[in-house]
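# Breakdown of the fold
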Amino acid sequence: MFDGVHSITETNSIQWPKRVEYGFGATDELAAFVESESVDRALVVTDADIAAAGVVDPVEAALDAGGATVEIFDGVMPEPKLSMVEDAAATLRDGEFDLVVGVGGGSSMDTAKLASALAVHDVPVRDTVGMGNVPGAGLPLALLPTTAGTGSEVTHIGVFSDADDGGNKVVVYDEHLFADLALVDPALTESLPAGVAAATGMDALTHAVEAYVTMLRTPYTDVLARDAVERIGDNLRAAVHQGAGNDGARYEMSFAAMIAGQAFVNSGLGAVHALTYPLGVEYGVGHGLANAVLLPHVMEYNVPAEPERFAEIARLLGEERAPGETTLDLAYKSVEAVRELNEDVGIPNQIRDLGDVDTEEFGRFADVCFEYSEHNIDRNPRDLDRGDVIEIFENAY
Ligand SMILES: [Fe+2]
């Protein structure tokens, strides 16, 4: 991480969407975009709950103001299936749309990303799984997050479930999935239920913490990750408990989730995102919630490998070094700070509180982590073998 030159343009260093706008009212920028790109027909890709809650209305209004005809595809489900991406792509082709607008959490934005590419390149969706397998640029793509969490609006990553492979998660990474326009408008997070705000906010914190300690971090991603940790520590509680009544906290959370996304897309993640895999796929625990529960346990495991870094995370979360305490002591306070944050936003700190999870399964869970998420384990700052993974699950239970 300290060797080599970190270009801000080369692949696997700093990568960005073509354009990012953020702040209250960013949604309105769609009108000018539609005009400048001469868009005729825009398809909004979202889920039925978001559409029913009226969150899509200002998006539709902005597209309309720019002169586009708008249709809504609201068939996105959590853990979107690859087949559903194909459905969205077919809708785009059949309707001769010339703009895709993903509105929602990670599921809707990820679906919009890959559907935009498949609308132009009609290849089997499974052929795009993995790194760099999308044949080329897709339809113009705008992404608008309605949670402050995944950071999907600024990444080139899509996470899907593969029904033909037992519902396993598959990931598509490709530079062609970067948005042409990412609009991060905290106004769209106004109607987030508290539980969703908490879980997605903890996902963002996980991105920031993992980006800050991952083996692939760079000085550039450090800046983003560190700042995101601090903003989330300062604002998540208020964003969860005051929601629509606290514009400042929602602004800070939207901004923090975005920069945490920009950090991890350039640095990779770590063991939290590996260990959540079996909980999500086999027990249906939501991504943010699973990350939140496992984060302090993985941090505790990682502290001895990077005490300085975890001490810095502790400071960013408001902890101080008492007289006589060592750097390591302060580093462990980062774990306590995250536990307290979980408690304060209504998230448990143990797996057993998520429901019935069979502890006899932890060995197999570990195998699943290595099979499907080894890249995240490889980037973790402390080496892990199968026994270590089992031990973390046991401590987290
Ligand atoms: Fe995540």
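Each remark here, short or long, concerns the structure printed above.
Right, let's walk through the structure included here.

## Focus: the overall build of the chain
If you tally the helices and strands in the chain, you get 14 helices and nine strands. In terms of overall dimensions, the chain has C-alpha extents of about 65 × 45 × 45 Å along its principal axes. Residue burial in the chain is summarised as follows: out of 397 residues, 55% are buried. Taking as baseline every contact in the chain between residues at least 6 positions apart, the subset at least 24 positions apart corresponds to 78%.

## Observations concerning the pairing of strand S7 (residues 157-162)
Bridge analysis of S7 against strand S8 (residues 168-173) gives six bridges, and the strand direction is antiparallel. For Phe160, the partnering residue across the bridge sits in S8 and is Val170. The hairpin turn running from S7 into S8, its antiparallel successor, is five residues long, and Gly166 in that turn takes a positive phi close to 65°.

## A short note on the packing of helix H6 (residues 194-213) against helix H8 (residues 247-267)
Their axes nearest at 8 Å, the elements H6 and H8 cross at an angle of 40°. Taken together, H6 and H8 sit at an angle that is classed as oblique. In the crossing of H6 with H8, the sense of the turn from one axis to the other is left-handed. Of H8, the residues touching H6 (which contributes Gly201, Ala204, His207, Ala208, Glu210 and Ala211) are Met253, Ala256, Ala257, Ala260, Gly261, Ala263, Phe264 and Ser267. Across the contact of H6 with H8, the residue classes break down as nine nonpolar, four polar and one charged.

## Brief notes about the environment of Thr147
By the secondary structure assignment, Thr147 is in the loop between strand S6 (141-145) and S7. The spatial distance from the C-alpha of Thr147 to the C-alpha of Ala257 is 8.8 Å, given a sequence separation of 110 residues.

## Side note on the sheet that holds strand S5 (residues 130-131)
Ordered in space as S5-S8-S7, the three strands form an open sheet in which the pairing is mixed. Each end of this open sheet is capped by a strand with a single partner; those strands are S5 and S7. Contacting S7 and S8, helix H5 (residues 106-120) crosses the sheet at an angle of about 100° to S7.

## Notes on the nonpolar core
One finds Val101 and Ala208 to be the most contacted residues of the largest nonpolar core, which totals 136 residues. Considering each element in turn, this core owes the most residues, 12 residues, to H6. Residues from two domains meet in this core; each of domain 1 (20-189) and domain 2 (194-396) gives at least three. When sequence neighbours within four positions are dropped, the list of residues in contact with Ala208 reads Ala225, Ala228, Val229, Ile232, Ala260 and Ala263.

The rules behind each value
- Residues numbered from 1 in each chain as written.
- Predicted model: local features only at pLDDT ≥ 70, side-chain atom pairs only at ≥ 80, totals over all residues.
- Helix = DSSP H or I, 4+ residues; strand = E, 2+ residues; numbered from the N terminus.
- Buried ≥ 20, exposed ≤ 12 C-beta atoms within 10 Å, placed from the backbone.
- Contact = placed C-beta atoms within 7 Å.
- Pairing = 2+ DSSP bridges.
- Axes fitted to C-alpha atoms, helices over the stretch in contact; angles between N-to-C directions.
- Parallel < 35°, antiparallel > 145°, perpendicular 65-115°, else oblique.
- Left-handed = near helix turned anticlockwise from the far one by under 90°.
- Nonpolar A, V, L, I, M, F, W, Y, C, P; charged D, E, K, R; others polar.
- Core = buried A, V, L, I, M, F, W, Y, C linked by C-beta atoms within 7 Å.
- Domains from an automatic or database assignment.

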